[in-house]
Amino acid sequence: MNNRHYLEPARCADVIKDSKWVVVLTGAGVSTEAGIPDFRGPRGLYVTRQYDPEKVFDIDWFSRDPRFFYEFSRDFIDLMKNTGPTFTHRFLATLEQQGRLKGVITQNIDALHQVAGSKKVVELHGSYRAATCHGCGRHYADLTYAWWDAAMGDSPRPPVALCAACKGVLKPDIVFFGEPVHAIIEAQQMVTECDLLLVLGSSLNVTPASLLPHFTTRTTIVVNKGHVTLAKASNRHFVEKELDAYCREVAVCLGIAE
């Protein structure tokens, strides 16, 4: 990204100030700075094979034997007990509170945007905040990691969480392989309507999120540590910096303090 259109933090702040409809797309890089390994990164489950990703996130495998997913979930939820939002999460929540940011589209399943205070969040891949029983269809909402921890620990089939009504298997509202992503039409509409798109912590390698920047011809600023699969264009700026550090500099220029 060295020869691409780099944007200094002060200039990025000016662009945000001049924009009336800011939309953000976030990827794994936002979560890795909180201590959550990128599933596809060097310490992620796709490389370390600590878990078999096909068995963990494949909907057919889940229907046959949910233990593989729940063994991963037990460790993931243990990790989340001591994990909180980063500066970037809080920065975006503040921009929304100020009326500058109209919404966040995220590829992440950790719900840290909501924990930080963001209200308008489109979760393309879902999260643990809701679940549905595979047996009776009962829907569970407003779930916390503490709730999941108790449900897995108290289950007659630990760590598989079961429905309180029928003892069927609960499936978190997470998009598995073989399932369509959530709210992609809404996400496309948000990007189409924006006058500034911020892409933070995403290499744009995974569809359909990788297609979203193509729904706007307005200014797009990509901040990611590493390669990004997005072609150069006159409206696109690429910043290869640590995300929290860059956002802190932008925040200072906007007069936003912790």
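What you see is a predicted model, and the numbers here were worked out from it, not measured in a lab.

Engineer: Help me out: how do you make sense of the state of the cysteines in this one?
Structural biologist: Working definition: the covalent bond between the sulfur atoms of two cysteines is a disulfide. For the structure shown, the criterion picks out 0 disulfides. The thiol of Cys12 is unpaired, and the distance to the nearest cysteine sulfur, on Cys247, comes to 7.7 Å. Accessibility expressed as a relative area gives 4% for Cys12, which makes it buried. Left without a disulfide partner, Cys163 is nearest to the cysteine sulfur of Cys136, which lies 3.8 Å away.

Engineer: Would you mind going over the packing of aromatic side chains with me for this structure?
Structural biologist: Centre distance and the angle of the planes are the two values used to describe a pair of aromatic rings. In this structure the tally under the stated criterion is 19 aromatic pairs. Ring geometry for Phe62 versus Phe69: centroids 5.7 Å apart, planes at 80°, classification edge-to-face. As far as burial versus exposure is concerned, Phe62 and Phe69 are alike and both buried. Aromatic pair Phe69 and Tyr128: ring centres 6.2 Å apart, planes at 20°, arrangement stacked. You can see Phe69 sitting in helix H6 (residues 67-81) and its partner Tyr128 sitting in strand S4 (residues 126-133), a full 59 residues away along the chain. Comparing Phe69 with Tyr128 shows no difference in burial state: the two are buried. Here the basic side chain of Arg64 rests over the ring of Trp61, its NZ or CZ set 4.3 Å away from the ring centre. The ring of Phe68 has Arg67 lying over it, and the distance from NZ or CZ to the ring centre is 5.5 Å.

Engineer: I keep staring at the sheet that holds strand S5 (residues 139-140) and nothing clicks. Help me out?
Structural biologist: Sheet strands associate in pairs through backbone hydrogen bonding, adopting either a parallel or an antiparallel arrangement. Read across the sheet, 3 strands follow the order S5-S4-S6 without closing on themselves; strand pairing throughout is antiparallel. Every other strand in the sheet has two partners, leaving S5 and strand S6 (170-174) as the edge strands with one partner each. Pairing of S4 with S6 involves 5 bridges; the strand directions are antiparallel. Within S6, the residue paired with Gly126 across the bridge is Ile174.

Engineer: Explain the confidence of the model for the chain here, please?
Structural biologist: Low-pLDDT stretches of the model should not have their predicted coordinates read in fine detail. Mean pLDDT for the chain: 92, with 93% of residues reaching 70 or above. Between residues 45-49, whose pLDDT stays under 50, and residues either more than four places distant or in other chains, the model counts 19 contacts.

Engineer: Explanation requested: the environment of Ala187 in the structure shown.
Structural biologist: Position of Ala187 among the secondary structure elements: in helix H10 (residues 184-193). Its relative accessible area of 0% is what places Ala187 among the buried residues. Between the alpha carbons of Ala187 and Leu79 there is a distance of 29 Å; along the sequence they are 108 residues apart. In contact with Ala187, not counting residues within four places along its chain, are Ile105, Leu124 and Leu212.

Engineer: Even after reading the chapter, I still don't get the sheet that holds strand S9 (residues 236-239), so can you show me in this structure?
Structural biologist: Ordered in space as S3-S2-S1-S7-S8-S9, the 6 strands form an open sheet in which the pairing is parallel. The sheet terminates laterally at strand S3 (121-123) and S9, the two strands that pair on one side only. Across this sheet, the average inter-strand angle for adjacent strands is 15°, counted without regard to direction. Sheet topology places strand S1 (residues 22-26) next to strand S7 (residues 196-200); 5 bridges connect them, and they run parallel. Pairing of Thr26 across the sheet is with Leu200, part of S7. Relative to strand S2 (residues 101-106), helix H7 (residues 87-97) is tilted by about 145°, and along the sheet it contacts S1, S2 and S7.

Engineer: Would you mind going over the nonpolar core with me for this structure?
Structural biologist: Across soluble globular proteins, you tend to see nonpolar side chains buried next to one another. By size, the foremost hydrophobic cluster in this structure holds 32 residues, and its most contacted members are Phe69, Tyr70, Phe76, Tyr128, Trp148 and Leu170. Every element with two or more residues in this core is listed here: helix H4 (53-57), helix H5 (59-64), H6, S4, helix H9 (145-153) and S6. Broken down by element, the residue count for this core peaks at 6 residues, all from H6. In contact with Tyr128, not counting residues within four places along its chain, are Phe69, Phe72, Ser73, Phe76, Ile77, Ile109, Leu143, Tyr145, Trp148, Pro172 and Ile174. Counting 27 residues, the second-largest nonpolar core is a separate cluster that includes Val15, Phe87, Tyr246 and Ile256.

Basis of the calculations
Residues numbered from 1 in each chain as written. Predicted model: local features only at pLDDT ≥ 70, side-chain atom pairs only at ≥ 80, totals over all residues. Heavy atoms only, no water. Disulfide = S-S within 2.5 Å. Buried < 20%, exposed > 50% of the residue type's maximum accessible area, 1.4 Å probe, protein only. Phe/Tyr/Trp six-rings, centres within 6.5 Å; stacked < 30°, edge-to-face > 60°. Helix = DSSP H or I, 4+ residues; strand = E, 2+ residues; numbered from the N terminus. Lys NZ or Arg CZ within 6 Å of the ring centre and 35° of its normal. Pairing = 2+ DSSP bridges. pLDDT = per-residue confidence, 0-100. Contact = heavy atoms within 4.5 Å. Axes fitted to C-alpha atoms, helices over the stretch in contact; angles between N-to-C directions. Core = buried A, V, L, I, M, F, W, Y, C linked by side-chain atoms within 4.5 Å.

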